[in-house]
Structure formats: C-alpha cells, structure tokens
Amino acid sequence: QYNACSPPNGTCTNTDGSYECQCPDGTQHSGFSCSDINECGYPYSYSNEFCDPNAACKNTYAGYSCDGCLTGYQGSGLPGNCSRIDYCAEGNHTCDLEVGYCSSTRYGAECECSYGYTFNDTCVDTNECLNDYFSERCSKNATCVNLPGSFECACDVGYQGNGFYCYDVDECARRTHNCSQEDNELVCFNTPGSFYCDCPVGYRMTRSDETRSMTCVEVNECVENNACAPYGNCTNTIGSFVCACAPGTEVQGFACLDRDECARRGEFCDRYANCTNTQFSYSCDGCVDGFLGDGRPGNCTDIHECNEGTDDCHDNATCVNYNGGFNCKCKPGFYGNGR
C-alpha cells in the first residue's frame with residue numbers, strides 16, 4: 001500500500017511479516033526511506049575513507065567530491081593526498097635566520113626571533129641596558145654594555161669583578177700607581193676606584209727652582225707650625241717633631257696644653273673621687289657620696305649601709321647594697337617603696 005523504501009530510488013521487497021530495502025549507492029536505509037550518506041561529515045571526515053581529512057570535501061545527494069586540499073595543504077584531496085605546505089622550506093619568507101627562525105603555519109611563514117631580539121618587520125636587537133630589570137643587575141660600580149642579542153656588565157675603571165659585583169682595585173697595595181719619583185718617593189693614597197699621590201706626613205710638595213719639577217721637601221713643624229707652644233719646647237726631626245712639654249701639660253695636636261687629669265678617671269684620682277682640675281695640676285677632694293677615703297687612686301671604698309645599719313629601710317623590707325648606695329625591697333606579703 002506504500003513504498004517503505006522511498007523516496008526516491010529505493011527498492012522494497014516484502015517478506016513474511018516484514019520487508020527489505022535495497023538503497024542506491026551513497027544512501028542508507030533510515031526509518032521508512034533511503035537517506036543520503038554525508039561522506040564529508042562525522043565520522044567520515046576523520047576516517048580518510050572518502051576524502052583526505054585535510055581536503056575540501058563537497059557532499060551531494062548519493063555522492064560527494066574531493067575539491068582539492070584546505071589552505072596550508074597541497075594535493076588532490078583524495079585520501080592520503082593532502083600534505084602540509086612547508087612555506088619555510090620553500091623560502092617564501094623574509095626571516096633573518098642568523099638571529100631568528102622560520103615557523104610554518106597553515107596560512108604561511110611566520111618569523112620568530114631568538115632571545116635578545118624583537119620582531120619589527122625583521123628581528124632587531126633588544127637593548128637590555130634601557131630596561132631597568134637588566135641594567136639594575138649590574139653593580140653600582142659597573143656599566144651596562146649592550147651586545148647583539150645580549151648584554152654584559154663591565155666594571156668601571158679602578159674596579160674589578162664580574163660586573164655584577166665589582167670591588168675597588170687598591171693601586172697602592174698592588175704598586176700599580178705612578179707615584180714614584182727619582183729622588184722623592186711620593187706616597188700613594190687609595191680612593192674608591194682610583195688613587196692620588198702626595199708627600200709623606202711631615203713633607204710638603206713644592207716646585208724646585210732649579211728643575212721646575214714638583215718635589216717633596218721636609219717641613220720644620222717647630223718653625224712653620226709653632227709646634228709645642230705655648231707650654232713646651234720643640235725639636236724638629238726628619239718628617240716629624242718631638243715636644244718636651246712642661247709638667248702638667250701634654251701634646252694635643254701640634255701644641256703642649258694643660259692636661260686634664262680628672263678626665264682620666266682612676267689614673268690620678270680614684271674613679272669615685274671628687275677630682276678638681278687646675279692649670280698644670282689637679283686635686284683629689286675626697287670621695288663621692290657612698291664611698292669613704294681621701295680620693296687618691298684605690299682609696300675610695302664603698303660604704304656598706306646595710307651592714308653598718310645606716311640605711312633607712314622599713315622593718316618589713318630587706319636592705320640590698322650596691323656600689324655607692326643601697327636599695328630597700330619589701331619582704332614577701334608586703335608592698336611599697338621599702339622605706
């Protein structure tokens with residue numbers, strides 16, 4: 001009564017209690033009809049059965065066509081006949097292979113730059129020294145130097161190291177200075193990253209009237225600096241001088257001045273003494289409160305107020321002696337200042 005295998009070209013054969021369909025090539029039995037097989041759709045698009053997976057497949061009713069390959073591939077489009085186009089191998093690129101490399105994609109060649117280069121139509125060197133991230137890795141005593149594809153830290157003149165750490169070169173200790181002269185040995189003084197030459201202590205640099213060259217001459221401190229005055233006699237020596245100071249005075253710089261004996265605690269008077277400084281002398285005027293004696297060195301003894309009973313601690317307090325005084329500490333169960 002109806003064709004269970006239509007439309008349009010299926011042949012139906014009746015059987016006992018059922019039927020069979022014979023569908024044309026390119027179609028398949030589905031329900032009560034013969035429907036088209038989409039050879040370009042899933043799962044056939046991945047099976048390499050009708051067209052290559054990378055082919056331009058066109059489905060038609062009861063058929064299909066392989067119309068070449070997709071972009072980035074070449075071949076007929078038939079199964080196994082689409083191969084990837086290597087644009088880099090074909091030389092269809094402008095990449096600088098000395099500082100970069102070519103990467104082939106479906107849509108053509110792309111240029112990738114090596115580390116230290118940036119792509120801008122071509123690979124150009126990146127100046128790392130303009131980037132604080134790199135330049136600040138150098139020592140403060142080094143200079144960042146840009147190199148093709150990289151950089152380095154070079155220690156400044158007068159410093160040595162790997163550029164990331166630079167230490168001062170002591171030209172004086174290494175004797176790489178030029179301070180030496182024929183008759184007068186200048187002294188080398190090291191400075192951070194450099195050095196300078198000067199005369200030794202007790203000498204002064206001056207220009208010779210005969211040779212017109214700079215030379216070091218000995219300084220007579222007794223004459224030029226009035227050394228040891230006002231309370232001493234000066235004797236000049238080679239490169240220095242000697243003072244014979246009056247009693248009660250001492251050398252301070254270039255002069256003989258009054259000696260403050262009281263500033264030297266324990267040397268002239270006991271460290272716990274009442275010391276009075278006078279011109280050229282001093283006096284030890286007994287001991288400070290809490291000590292007993294005449295004030296001479298080693299003659300001020302601590303008064304033990306707790307043992308002698310001269311403290312003013314409360315009956316419910318304990319007397320604790322210390323050098324030059326005492327404290328009152330309340331006994332357990334009591335509180336207060338101990339007095």
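Preceding this section is the structure that the text describes.
A brief report on the enclosed structure follows. These numbers were taken from a predicted model, which means no experiment stands behind them.

## Overview of the overall build of the chain
For step 1, the next point in the chain: In terms of helices and strands, the chain carries 4 helices and 30 strands.
For step 2, the next point in the chain: For a compact globule of 339 residues, the expected C-alpha radius of gyration is about 20 Å, and the chain comes in at 53 Å, more than 25% above that figure.
For step 3, the next point in the chain: Each principal axis of the C-alpha atoms in the chain carries an extent, and together these give about 150 × 95 × 25 Å.
For step 4, the next point in the chain: The buried share of the chain, reckoned over its 339 residues, is 28%.
For step 5, the next point in the chain: Across the chain, contacts joining residues at least 24 apart in sequence account for 22% of those joining residues at least 6 apart.
For step 6, the next point in the chain: A total of about 21800 Å² of accessible surface is found on the chain, and carbon and sulfur atoms cover 48% of it.

## Notes on the pairing of strand β13 (residues 142-147)
For step 1, the next point in the chain: Summarising the sheet, β13 and strand β14 (residues 150-155) pair through 6 bridges and their orientation is antiparallel. Bridging across to β14, T143 finds its partner in A154.
For step 2, the next point in the chain: Connecting β13 to the antiparallel partner β14 that follows it, the hairpin turn spans 2 residues, and G149 within it adopts a positive phi of roughly 80 degrees.

## Topic: the packing of aromatic side chains
For step 1, the next point in the chain: Going through the model one piece at a time under the given rule, you end up with 9 aromatic pairs.
For step 2, the next point in the chain: Their ring planes at 15 degrees and their centres at 5.1 Å tell us that F189 and Y196 sit as a pair that is stacked.
For step 3, the next point in the chain: Here Y196 falls in the partly exposed class, since its relative accessible area comes to 40%.
For step 4, the next point in the chain: When the ring of Y272 is compared with that of F291, the centres are 4.1 Å apart and the planes differ by 10 degrees; the resulting orientation is stacked. Highlighted residues: Y272 in the loop between β24 (255-258) and β25 (273-278) and F291 in strand β27 (residues 291-292), separated in sequence by 19 residues.

## Some points on the environment of T278
For step 1, the next point in the chain: Along the chain, the position of T278 falls in strand β25.
For step 2, the next point in the chain: On the accessibility criterion, T278 (35% relative accessible area) is partly exposed.
For step 3, the next point in the chain: Polar contacts involving the side chain of T278 include one to the main-chain amide nitrogen of Y282, which spans 3.3 Å.

## A short note on a nonpolar patch on the surface
For step 1, the next point in the chain: A grouping of Y231, L257 and F280 is seen on the molecular surface, where their side chains present a nonpolar patch of about 220 Å² in accessible area.
For step 2, the next point in the chain: Inspection of the secondary structure assignment puts Y231 in the loop between α3 (221-224) and β21 (232-237).
For step 3, the next point in the chain: Y231 sits in the partly exposed class, given a relative accessible area of 31%.

## Focus on the state of the cysteines
For step 1, the next point in the chain: A complete count under the given rule lists 20 disulfides for this structure.
For step 2, the next point in the chain: Paired by a disulfide, C88 and C102 hold their sulfur atoms 1.9 Å apart. What sets the handedness of the C88 and C102 disulfide is the S-S torsion sign, and at about -80 degrees it is left-handed. Of this pair, C88 sits in the loop between β8 (82-84) and β9 (100-105) while C102 sits in strand β9, and the two are 14 residues apart along the sequence. Just as C88 is buried, C102 falls in that class too.
For step 3, the next point in the chain: Across a sulfur-sulfur distance of 2.1 Å, C129 and C144 are joined as a disulfide pair.

## What about the pattern of salt bridges?
In a structure, side chains of opposite charge can pair up when their charged atoms sit close to one another.
For step 1, the next point in the chain: In this structure the tally under the stated criterion is 6 salt bridges.
For step 2, the next point in the chain: In this structure, the salt-bridge partner of R204 is E224, at a minimum N-O distance of 2.7 Å. Residue R204 is located in strand β19 (residues 203-207), and its partner E224 is located in helix α3; the two are separated by 20 residues in the primary sequence.
For step 3, the next point in the chain: The exposure class assigned to R204 is partly exposed, which follows from its relative accessible area of 37%.
For step 4, the next point in the chain: Taking relative accessible area as the criterion, E224 reaches 45% and is therefore assigned partly exposed.
For step 5, the next point in the chain: Between R259 and E261 there is a salt bridge, with its nearest N and O atoms 3.2 Å apart.
For step 6, the next point in the chain: The structure contains a network of salt bridges with shared partners spanning E250, R264 and E267.

Thresholds, definitions, all that
What you see as residue numbers is a count from 1 along each chain, following the sequence as written. Under the rules for a predicted model, residues below a pLDDT of 70 receive no local features and side-chain atom pairs below 80 are neither given nor counted, while totals for whole chains, interfaces and linings still include all residues. Side-chain calculation: all heavy atoms of the structure are included, whereas hydrogens and water are not. Helix and strand definitions follow DSSP, with helices as H or I runs of at least four residues and strands as E runs of at least two, each counted in order from the N terminus. In this treatment the radius of gyration is a C-alpha quantity, and the globule benchmark scales as 2.2 Å times the residue count to the 0.38 power. The rule is simple: take the accessible area with a 1.4 Å probe, protein chains only, and divide by the maximum for that residue type; under 20% is buried, over 50% is exposed, in between is partly exposed. A contact between two residues is defined here by any heavy atoms of the two lying within 4.5 Å. Per-residue and other accessible areas follow the Shrake-Rupley method at a 1.4 Å probe size, with only the shown protein chains counted as cover for residues. By definition, two strands form a pair when at least two bridges between them are found by DSSP. Here a Phe, Tyr or Trp ring, Trp counted by its six-membered ring, pairs with any other such ring whose centre lies within 6.5 Å, and the pair is stacked when the planes are under 30 degrees apart, edge-to-face when over 60, and tilted otherwise. Here a polar contact is recorded for every N or O atom pair within 3.5 Å, except that within protein the pair must consist of a potential hydrogen donor and a potential acceptor, and residues adjacent in sequence are included only if both atoms are side-chain atoms. To count toward a patch, a residue needs a relative accessible area over 30% and no salt bridge; like charges are then connected within 9 Å, while nonpolar side chains (Val, Leu, Ile, Met, Phe, Trp, Tyr) are connected within 5 Å. The salt bridge criterion pairs a side-chain nitrogen of Lys or Arg with a carboxyl oxygen of Asp or Glu, the two atoms within 4 Å. The term disulfide is used for any two cysteine sulfur atoms that are within 2.5 Å.

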